[in-house]
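In case you want the letters, here they are:
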Amino acid sequence: MTRRDQKLRIFADFARSLGTLSTCKRASVGCVIVTPTLTEALSIGYNGPPRGVSNDACRADVGECGCVHSEANSLVKLKTERSDLLLICTTSPCERCAGLIVNCGRVSEVMYLDEYRDLAGVELLKRCGI
């Protein structure tokens, strides 16, 4: 295993650990945004109801649970203007989150561990060169 592979594995494990903090009743997803050298974690996220809303507010309905996705949570906390970042997520982004990733202009690569039920987000990222 190369040093880069070892670092990727560690950050992937970190994303999985972040997913355990999720309060969504339907899915637990974690996300970390890192530098391309894999030497800094710049932002983290996990899915759950919006800030200030009870953790019990999740409706657990597929596509309608009301939770903010981990990618969106990590993007709103990102405090850099770099445009070469790697987003590592436990599940491939949905189409809406893929759009946010594209529009933020700071993520150039996305790595995910498991596929989401709908691959429209992955296709969008590919079309946009991510």
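Structure: see above.
Remember, predicted model here, so these are calculated numbers, not experimental data.

How each quantity is defined
- Counting from 1, residues in each chain are numbered in the order their sequence is written.
- Only residues with pLDDT of 70 or above have their local features reported here, since the model is predicted, and side-chain atom pairs are shown and tallied only from 80 upward, although totals for entire chains, interfaces and linings are computed over all residues.
- Where side-chain values are given, they derive from all heavy atoms of the structure, hydrogens and water being excluded.
- Both cavities and pockets are sets of points on a 1 Å grid over the protein atoms alone; in a cavity a 1.4 Å probe fits but cannot get out, in a pocket the set is open with protein on both sides within 12 Å along at least five of seven lines, and lining residues sit with an atom within 4 Å of a point.
- Grid points are joined across faces, edges and corners, and a volume is the space filled by probe spheres set on the points.
- Classes in brief: Ala, Val, Leu, Ile, Met, Phe, Trp, Tyr, Cys and Pro nonpolar; Asp, Glu, Lys and Arg charged; the others, Gly included, polar.
- At least two DSSP bridges between two strands are needed for those strands to be called paired.
- To qualify as a helix, a DSSP run of H or I must reach at least 4 residues; to qualify as a strand, a run of E must reach at least 2; elements of each kind are numbered from the N terminus.
- Inter-axis angles, ranging from 0 to 180 degrees, are taken between N-to-C directions of lines fitted to C-alpha atoms, where helices are fitted over the stretch in contact.
- It only takes one pair of heavy atoms within 4.5 Å for two residues to be counted as in contact.
- Relative accessibility under 20% of the residue-type maximum defines a buried residue, over 50% an exposed one, and the middle range a partly exposed one, all with a 1.4 Å probe and only protein chains included.
- Within this analysis, the arc is defined by the directions that extend from the helix axis to the C-beta atoms.
- Think of a polar contact as two N or O atoms within 3.5 Å of one another; within protein, one of them needs to be a possible hydrogen donor and the other a possible acceptor, and neighboring residues in sequence only count if both atoms come from side chains.

Asker: What exactly am I supposed to notice about the layout of surface pockets here?
Answerer: Where empty space is left becomes clear once a probe the size of a water molecule has been rolled over the atoms. If you add up the space inside the largest pocket, you get close to 520 Å³. What lines the largest pocket is a set of 24 residues, among which Gly63, Cys67, His69, Cys94 and Tyr116 lie closest to the centre. Across the lining of the largest pocket, the residue classes tally to eleven nonpolar, seven polar and six charged. In this structure, the second largest pocket occupies an estimated 330 Å³ of space. For the lining of the second largest pocket, the per-class residue count stands at six nonpolar, five polar and two charged.

Asker: Where do I start with the sheet that holds strand E4 (residues 107–114) in this structure?
Answerer: A sheet is described by the order of its strands in space; here four strands give the open sequence E2-E1-E3-E4, paired in mixed fashion. The sheet is open, and its two edges are formed by strand E2 (41–46) and E4, each paired on a single side. If you compare each strand with its neighbour and ignore which way they point, the axes differ by 15° on average. Of the strands in this sheet, strand E1 (30–34), E2, strand E3 (85–91) and E4 touch helix H2 (residues 70–77), which is tilted by about 140° from E2.

Asker: Just checking my understanding: could you explain the environment of Leu119 for this structure?
Answerer: Tracing the backbone through its elements, the reader meets Leu119 in the loop between E4 and helix H4 (120–127). Separated by 39 residues in sequence, Leu119 and Thr80 have C-alpha atoms that sit 28 Å apart.

Asker: Please explain H4 as it appears in this structure.
Answerer: Since the α-helix turns once every 3.6 residues, residues separated by three or four places project in the same direction. Taken residue by residue, H4 has Gly121, Val122, Leu124 and Leu125 as its buried positions. Summarising the axial view, the buried residues of H4 lie within an arc of 160°, below the 170-degree limit, and thus occupy one face. The outward face of H4, more than 90 degrees from its buried face, is lined by the exposed residues Lys126 and Arg127. In this structure, the buried residues of H4 make contact with helix H3 (95–104) and E4.

Asker: Can you help me understand the side chain of Ser22 in this one?
Answerer: Among the secondary structure elements, Ser22 is positioned in the loop between helix H1 (3–19) and E1. Polar contacts involving the side chain of Ser22 include one to the main-chain amide nitrogen of Cys24, which spans 3.2 Å. With near-sequence residues (within four places) excluded, Ser22 lies in contact with Ala27, Ser28, Val29, Tyr46 and Asn47.

Nothing here speaks to function; it is geometry throughout.
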